[in-house]
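One letter stands for each residue in the lines below.
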Amino acid sequence: MADEVPVVPDELDSFSLILPLPFRVAIILVLGVWAWGLNLHYLRAIKIDVPALIHYPGRSSATEPSHHLSTYRLASILTIPLAASLFLFWMITHGNQQAALNWQILPNLYLLGLVATFVIPVHFLSRSGRYRTLSILRRISIGGLAEPQNGKFGDILMADVLTSYAKVLGDLFIALCMFFTPGKSSTGRPDRSCGGPWLIPLIIAIPSMIRLRQCLIEYYRVRASNQKTGTIGSHGWGGQHLANALKYSSAFPVIALSALQRGFDPAKIGLSETSLFRLWLLAVFVNSFYSFWWDVTKDWDLTLFSVSATKDRNDPDHPFGLRKNRFFHVHEVYYAVIAIDLMLRCTWSLKLSPHLYHFNDLEGGIFMMELLEVFRRWVWIFFRVETEWVRNNRPPVPQEDVLLSDFGNKYEDE
């Protein structure tokens, strides 16, 4: 425990007493591991080889557990101490504010153990998978991007996932900042200006910066290839990569205007609070709908917003708004996912309701928004990986589908 007793001027809300910020960060990170295991499991069940797509080394023998089982094992090892630590915290604090402040060591020890789990060289903890994850993180941390034959798709997938964890990374920094600040406690009321008004927005912007740089790298690769051959190749002149870079750039005004609203000072900004809110609203509208359009049209190759959607309306192999080659052959699944993606891209609209205006500012509301974004990304991965597999393999239209309820026993591991 800290030597100096932490004091906070405001009372802790009931949600933070039950789930302090470090525990919330840990829960979302562990859920992400479980979610990835489910991605691997179901995609394997419908014969999509995710390890091959991301150029992950295959199993050297039939006795080794499959990739999703290794991921489940790692997730279980992470979950058990998390549950024990959280239960111990509840038993010790009993909802007492001062006790919650004093026992910040419990969730922070777990976060330290979480990091150590990915670093320590223990074979049964999916060592190769953890090392591969760390190597990808090191490469993309500065916006790096592997060549296509060396796992470019895996780098892009990881970087896109990080954009959905941007606020979680911000919360992780807040927890660490409060832990090391005298007189504060990481289990107290989150100080979202810890480290200065612009440091946390900068951290939240880093994943978008990473993807922005990756898009520019792809653009320059296409240009170099075209200059080498003297013709415009199959990848065009690279305009799509610039358009993708613009999509990630559209997140920066949202982050900056959100920071200005949090520390609103009309004397410094030169705008009224209403004008600032309207600018923020315009920025999130552009970012949300541009990103939604990109998800549907570019990431999933669906034809909902293209001219061919109308032309192929009567083609039984090409349902309206979808594409011919599909692995999820219940058409309604695609339409449902499009609707879910749109709704979750527009969670900012909660601020437009007078009754829900402060929902995004409540600790429980912030946690819920982070969970929903991780859920959206989990669903997005299924269809993004399926799209990449179709691009690489172009299978015929299957006649039957594997339902989610079937994958646990239809393709059981040997």
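This structure is a prediction, so every number in the text was calculated from the model and none was measured.

### Considering the overall build of the protein
- Helices and strands together make up the secondary structure of the protein, namely 17 helices and zero strands.
- A total of 414 residues make up the protein; the buried ones form 46% of that total.
- Residue pairs in contact within the protein that sit at least 24 positions apart in sequence constitute 70% of those at least 6 positions apart.
- For the protein, the computed accessible surface area is about 21000 Å², with 65% contributed by carbon and sulfur atoms.

### So, the nonpolar core
- The biggest cluster of nonpolar side chains holds 56 residues, and the ones touching the most others in it are L43, I48, W300, F328, F383 and V385.
- Those residues within four positions of I48 in sequence are excluded, and the remaining contacts are L43, L53, F327, V385, E386 and W389.
- Core analysis: the second largest hydrophobic core is formed by nine residues, V254, L257, W280 and A283 among them.

### As for the UniProt feature "transmembrane region" (unreviewed entry) in the protein
- Sites flagged by UniProt as "transmembrane region" (unreviewed entry) map to residues 15–38, 74–93 and 105–125.
- Annotated as 92% helix and 0% strand, the span residues 15–38 places its first and last C-alpha atoms 29 Å apart.
- Strand forms 0% of residues 74–93 and helix 100%; the C-alpha atoms that close the span are 29 Å apart.

### With respect to unusual backbone geometry
- A positive phi angle is found at K47, which is not glycine, with a value near 70°.
- Relative to the elements of secondary structure, K47 occurs in the loop between α2 (21–45) and α3 (50–53).
- On the basis of relative accessibility, which here comes to 54%, the residue K47 falls in the exposed class.
- Non-glycine residue H55 carries a positive phi angle of around 55°.

### Focus on the state of the cysteines
- Applying the stated criterion across every chain, the model contains one disulfide.
- Each sulfur of the disulfide joining C177 and C194 lies 1.9 Å from the other. The S-S bond linking C177 to C194 shows a torsion near -80°; that makes this disulfide left-handed. With C177 in helix α9 (residues 166–179) and C194 in the loop between α9 and α10 (199–229), this pair connects stretches of sequence that are 17 residues apart.

### Side note on the side chain of S250
- For S250, the position within the fold is in the loop between α11 (239–249) and α12 (251–262).
- For S250, a relative accessible area of 11% corresponds to the buried category.
- Here K247 takes part through its backbone oxygen, which lies 2.5 Å from a polar atom of the side chain of S250.

### Details of the packing of helix α8 (residues 152–164) against α10
- Between α8 and α10, whose axes approach to 8 Å, the crossing angle comes to 150°. When the axes of α8 and α10 are compared, the pair comes out roughly antiparallel. α8 and α10 meet at a crossing whose hand is left-handed. Residue-level contacts link K152, D155, I156, A159, D160, L162 and T163 of α8 to P207, S208, I210, R211, Q214, E218 and R221 of α10.

### A few points about the side chain of H41
- Inspection of the secondary structure puts H41 in helix α2.
- Since its relative accessible area comes to 14%, H41 is described here as buried.
- Separated by 3.0 Å, the side chains of H41 and Y72 make a polar contact.

### As for the packing of α10 against α11
- At their nearest, the axes of α10 and α11 sit 8 Å apart, and the two run at 170° to each other. When the axes of α10 and α11 are compared, the pair comes out roughly antiparallel. Between α10 and α11 lies a crossing of left-handed hand. Residues S208, R211, L212, C215, L216, E218, Y219 and V222 of α10 touch α11, and the partners they reach there are H241, L242, N244, A245, Y248 and S249.
- Taken together, the residues of the contact of α10 with α11 break down into eight nonpolar, four polar and two charged.

### So, the environment of V161
- Turning to its location among the elements, V161 is positioned in helix α8.
- Residues V161 and V374 lie 213 residues apart in sequence; the distance between their C-alpha atoms is 8.3 Å.
- The contacts of V161, once residues within four sequence positions are left out, are R377 and I381.

Conventions used here
- Residues numbered from 1 in each chain as written.
- Predicted model: local features only at pLDDT ≥ 70, side-chain atom pairs only at ≥ 80, totals over all residues.
- Heavy atoms only, no water.
- Helix = DSSP H or I, 4+ residues; strand = E, 2+ residues; numbered from the N terminus.
- Buried < 20%, exposed > 50% of the residue type's maximum accessible area, 1.4 Å probe, protein only.
- Contact = heavy atoms within 4.5 Å.
- Areas by Shrake-Rupley, 256 points an atom, 1.4 Å probe, with all protein chains shown as cover.
- Core = buried A, V, L, I, M, F, W, Y, C linked by side-chain atoms within 4.5 Å.
- UniProt positions renumbered as here; feature names shortened; annotations may be inferred.
- Disulfide = S-S within 2.5 Å.
- Polar contact = N/O pair within 3.5 Å; in protein donor to acceptor, adjacent residues only side chain to side chain.
- Axes fitted to C-alpha atoms, helices over the stretch in contact; angles between N-to-C directions.
- Parallel < 35°, antiparallel > 145°, perpendicular 65-115°, else oblique.
- Left-handed = near helix turned anticlockwise from the far one by under 90°.
- Nonpolar A, V, L, I, M, F, W, Y, C, P; charged D, E, K, R; others polar.

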